[in-house]
Amino acid sequence: MSSSGQGGVGVLGSAFNPPHLGHLALAQEALWQLGLSEVVLVPTGEAPHKRIVDDPGRELRMTMTRLAAAEDSRFSVSALEVEREGPSYTYETLEMLAEQKGDTGLVFVMGADAAVGLESWRNPERVVELARIAVARRAGVSEADVAAAMRSLDAGDRVTMLEMPQFGVSSSAVRERASSGRPLRYLTPEPVARFIEEKGLYR
């Protein structure tokens, strides 16, 4: 597993339901540790594997992601999946981004929990072919399991492990707090917290 920074554009996909500080910390660590020029946040349109729980709708998740990314010029937001009909498959998104970004190498950023399941995704070999993979360490997922999953896709030398500060915040925890009217500040970016409160989302 390599750890050298070779530049490029990071791609971080998620339901962003809602986006929280853990997402932004992950984007920042990928930027910093890999020397990326930017990280593109890609909200899921329609999740192929599972229903998005308590989904306020793709448009509202897109708006929240834009609010979350607005304060950092190194973050951008792509509507590719939100605007596309049918399930959001990562390999298709990466194909489109590769076209948009030209020769700039893509780096797909994912958590270790997702990385160990990458083989079960639609066309995983294409994902690995289109992008280098940056995997954020997660408590409870061993690096050996990640390495084994990546080896099975012949991705070994295209994978970097990211050191991540441990965040005790998750989208489900933020939704739960919102549903009981508890404050969201310091868990999710201020504009996102205000938006959720103003719209009464997750109530």
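Rules used in this analysis
Residues numbered from 1 in each chain as written. Predicted model: local features only at pLDDT ≥ 70, side-chain atom pairs only at ≥ 80, totals over all residues. Heavy atoms only, no water. Buried < 20%, exposed > 50% of the residue type's maximum accessible area, 1.4 Å probe, protein only. Helix = DSSP H or I, 4+ residues; strand = E, 2+ residues; numbered from the N terminus. Arc of directions from axis to C-beta. Contact = heavy atoms within 4.5 Å. Pairing = 2+ DSSP bridges. Phe/Tyr/Trp six-rings, centres within 6.5 Å; stacked < 30°, edge-to-face > 60°. Lys NZ or Arg CZ within 6 Å of the ring centre and 35° of its normal.

K.L.:
Where do I start with helix 7 (residues 143–152) in this structure?
P.N.:
Side chains that are three or four residues apart share a direction in an α-helix, a result of its 3.6 residues per turn. Of the residues making up helix 7, those classed as buried are V146, A147, A149 and M150. One side of helix 7 holds all its buried residues, which, seen down the axis, span an arc of 165°. Away from its buried face, by an angle of more than 90 degrees, helix 7 presents the exposed residues A144 and R151. Directly beyond the C-terminal end of helix 7, a positive phi value near 55° is found at D154.

K.L.:
I tried to follow the side chain of T44 on my own but got confused; where do I start?
P.N.:
Looking at the element boundaries, T44 is found in the loop between strand 2 (38–43) and helix 2 (58–69). In this structure T44 comes out as buried when scored by relative accessible area, which is 14%. Apart from residues lying up to four places away in sequence, T44 is in contact with S14, A15, I52, R61, E81, V82 and S88.

K.L.:
Looking at this structure, how should I read the pairing of strand 4 (residues 106–111)?
P.N.:
On a regular strand, one side chain projects to one face of the sheet and the next to the other, so that they alternate. Burial within strand 4 is extensive, with 6 of its 6 residues counted as buried. Because side chains alternate across strand 4, one face comprises the buried residues L106, F108 and M110, and the other comprises V107, V109 and G111, equally buried. Sheet topology places strand 1 (residues 9–14) next to strand 4; 4 bridges connect them, and they run parallel. For V9, the partnering residue across the bridge sits in strand 4 and is L106. One ladder, built from 6 bridges, connects strand 4 with strand 5 (residues 131–136); its direction is parallel. When the bridges of strand 5 are listed, L106 appears paired with A131.

K.L.:
Any chance you could explain the packing of aromatic side chains here in plain terms?
P.N.:
When we look at a pair of aromatic rings, we describe it by the centre distance and by the angle of the planes. This structure, assessed with the given rule, holds 2 aromatic pairs. On the basis of an interplanar angle of 80° and a centroid distance of 6.1 Å, the ring pair of F108 and W121 is categorised as edge-to-face. Taken together, the positions of F108 in strand 4 and W121 in the loop between helix 5 (112–115) and helix 6 (124–130) put the pair 13 residues apart, joining distant regions of the chain. Given a relative accessible area of 5%, F108 falls into the buried group. Lying over the aromatic face of Y89, R122 brings its terminal NZ or CZ to 4.2 Å of the ring centre.

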